Amino acid sequence: MEYVPDARTYEVEQYGPRALWDEVREAFLRWHDLGKPERSRFGLSVDVDVDGDGDGRRVWLDDPAGAVGRL
């Protein structure tokens, strides 16, 4: 992506096994839907992942009980 001041749209090219720009866009939209909370309100909890499915890593907002995503 090439940044051009005041442009209304940008063209993005993606390569490799993951569509990283799509992931960034989804994360931005999720953050926006949450009301654009400050970075200091987020936390990360890592628990024992007994079955190996990744459920042991949670991103939360304001309180560890308020999970907003998994890593």
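Our subject is the structure listed above.
Residues numbered from 1 in each chain as written. Predicted model: local features only at pLDDT ≥ 70, side-chain atom pairs only at ≥ 80, totals over all residues. Heavy atoms only, no water.

Asker: Just give me the short version of the overall build of the protein, but keep the residues and values in it.
Answerer: Broken down by element type, the protein carries 1 helix and 3 strands. Shown N-terminal to C-terminal, the secondary structure of the protein runs as helices and strands in the order α-β-β-β. Out of the 71 residues in the protein, the part that is buried amounts to 11%. Counted over contacts in the protein with a minimum sequence separation of 6, partners at least 24 positions apart contribute 10%. Split by element, the accessible area of the protein, about 6300 Å² in all, is 52% carbon and sulfur. (Helix = DSSP H or I, 4+ residues; strand = E, 2+ residues; numbered from the N terminus. Buried < 20%, exposed > 50% of the residue type's maximum accessible area, 1.4 Å probe, protein only. Contact = heavy atoms within 4.5 Å. Areas by Shrake-Rupley, 256 points an atom, 1.4 Å probe, with all protein chains shown as cover.)

Asker: Residue-level account of the sheet that holds strand β1 (residues 42-46), with values.
Answerer: Adjacent strands of a sheet pair through backbone hydrogen bonds, lying either parallel or antiparallel. Spatially, 3 strands are ordered β1-β2-β3 in an open sheet, and the strand pairing comes out antiparallel. Edge positions in the sheet fall to β1 and β3 (67-70), since each has one partner strand and no second. For this sheet, the mean angle separating the axes of adjacent strands, direction not counted, is 30 degrees. Pairing between β1 and strand β2 (residues 57-61): 5 bridges, direction antiparallel. Its bridge partner lying in β2, Leu44 is registered against Val59. (Pairing = 2+ DSSP bridges. Axes fitted to C-alpha atoms, helices over the stretch in contact; angles between N-to-C directions.)

Asker: Explain the pattern of salt bridges to me, using residue names and the numbers behind them.
Answerer: Summed over the entire model, instances satisfying the criterion amount to 4 salt bridges. Residue Arg18 is joined to Glu23 by a salt bridge in which the shortest nitrogen-to-oxygen separation is 2.5 Å. Close ionic contact of Arg58 with Asp47 constitutes a salt bridge, the shortest N to O distance being 2.3 Å. Of this pair, Arg58 sits in strand β2 while Asp47 sits in the loop between β1 and β2, and the two are 11 residues apart along the sequence. For Arg58, a relative accessible area of 15% puts it in the buried group. (Salt bridge = Lys/Arg side-chain N within 4 Å of Asp/Glu carboxyl O.)

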